[in-house]
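Architecture at a glance
One-letter residues, chain by chain:
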Amino acid sequence: MKAKIYHNPRCSKSRATLALLTHRAAEFTVVDYLATPLTKLELRELAHKLGVPALNLVRTDEPEFRACAGRALSDDEIFDLLVEHPRLLQRPIVELGDKARIGRPPERVLELFE
């Protein structure tokens, strides 16, 4: 089965995870989610595979998210925000079959291959 890494080439954790997958000789495809943003449906499926609420997909320190501070966002609103501002997506995320892991730390994605 081929893995998929949602990758931001400017992120050191994302680059380290990519190197880890390469060193492990894992078969994977790279998705530059900034160049090819995920759809709302893809984000919903990714949250399900991660087993986390939608908010856990968000980099909450970013200005685009802080602009929403002070109000509770529904999952749909969070997914809409991620579609509009893909850089808010936690990174990297590795998906394999019906599971996924956020690579923080990068070694955490190795759980998918055990």
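A brief structural summary. (Residues numbered from 1 in each chain as written. Predicted model: local features only at pLDDT ≥ 70, side-chain atom pairs only at ≥ 80, totals over all residues. Heavy atoms only, no water.)

Some thoughts on the overall build of the protein
When helices and strands are counted, the protein shows 4 helices and 4 strands. When the elements of the protein are put in sequence order from the N terminus, they spell out β-α-β-α-α-α-β-β. In terms of overall dimensions, the protein is globule-like: its C-alpha atoms have a radius of gyration of 14 Å, near the 13 Å expected for 114 residues. With respect to the three principal axes, the spread of C-alpha positions in the protein is 45 × 25 × 25 Å. (Helix = DSSP H or I, 4+ residues; strand = E, 2+ residues; numbered from the N terminus. Rg over C-alpha atoms; globule rule 2.2 N^0.38 Å.)

Describing unusual backbone geometry
Going from arginine 91 to proline 92, the amide bond is cis rather than trans, its omega being -15°. Phi angles above zero are rare outside glycine, and alanine 25 is one such case at about 65°. Relative to the assigned elements, alanine 25 resides in the loop between α1 (12-23) and β2 (28-32).

Topic: the nonpolar core
The biggest cluster of nonpolar side chains holds 23 residues, and the ones touching the most others in it are Leu57, Leu82 and Ile93. At the level of secondary structure, the elements contributing two or more residues to this core comprise α2 (40-50), α4 (75-84) and β4 (99-102). Ignoring any residue separated from it by four or fewer positions in sequence, one finds leucine 57 in contact with Leu43, Ala47, Leu50, Phe79, Leu82, Leu88, Leu89, Gln90 and Ile93. Ala3, Ala26, Leu96 and Phe113 belong to the second largest nonpolar core, which has 9 residues in total. (Core = buried A, V, L, I, M, F, W, Y, C linked by side-chain atoms within 4.5 Å. Buried < 20%, exposed > 50% of the residue type's maximum accessible area, 1.4 Å probe, protein only. Contact = heavy atoms within 4.5 Å.)

Examining the environment of alanine 100
Note on placement: alanine 100 falls in strand β4. With a relative accessible area of 0%, alanine 100 lands in the buried category. Each C-alpha atom of the pair alanine 100 and glutamate 111 lies 9.3 Å from the other, and the pair is 11 residues apart in sequence. Other than its neighbours up to four places away in sequence, alanine 100 contacts Leu46, Lys49, Leu50, Ile93, Val94, Glu95 and Leu112.

As for α1
The first and last C-alpha atoms of α1 sit 16 Å apart over 12 residues, in line with the 16 Å expected at 1.5 Å per residue. Where α1 is concerned, the buried positions are Ser14, Thr17 and Leu21. Projected onto a plane normal to the axis of α1, the buried residues spread over an arc of 60° and lie on a single side. For α1, the secondary structure elements touched by its buried residues are β1 (3-7), β2 and β3 (93-96). (Expected span 1.5 Å × (residues − 1). Arc of directions from axis to C-beta.)

Let's talk about the side chain of glutamate 62
Mapped onto the fold, glutamate 62 is located in the loop between α2 and α3 (63-66). We classify glutamate 62 as buried; its relative accessible area is 13%. When sequence neighbours within four positions are dropped, the list of residues in contact with glutamate 62 reads Arg87 and Leu88.

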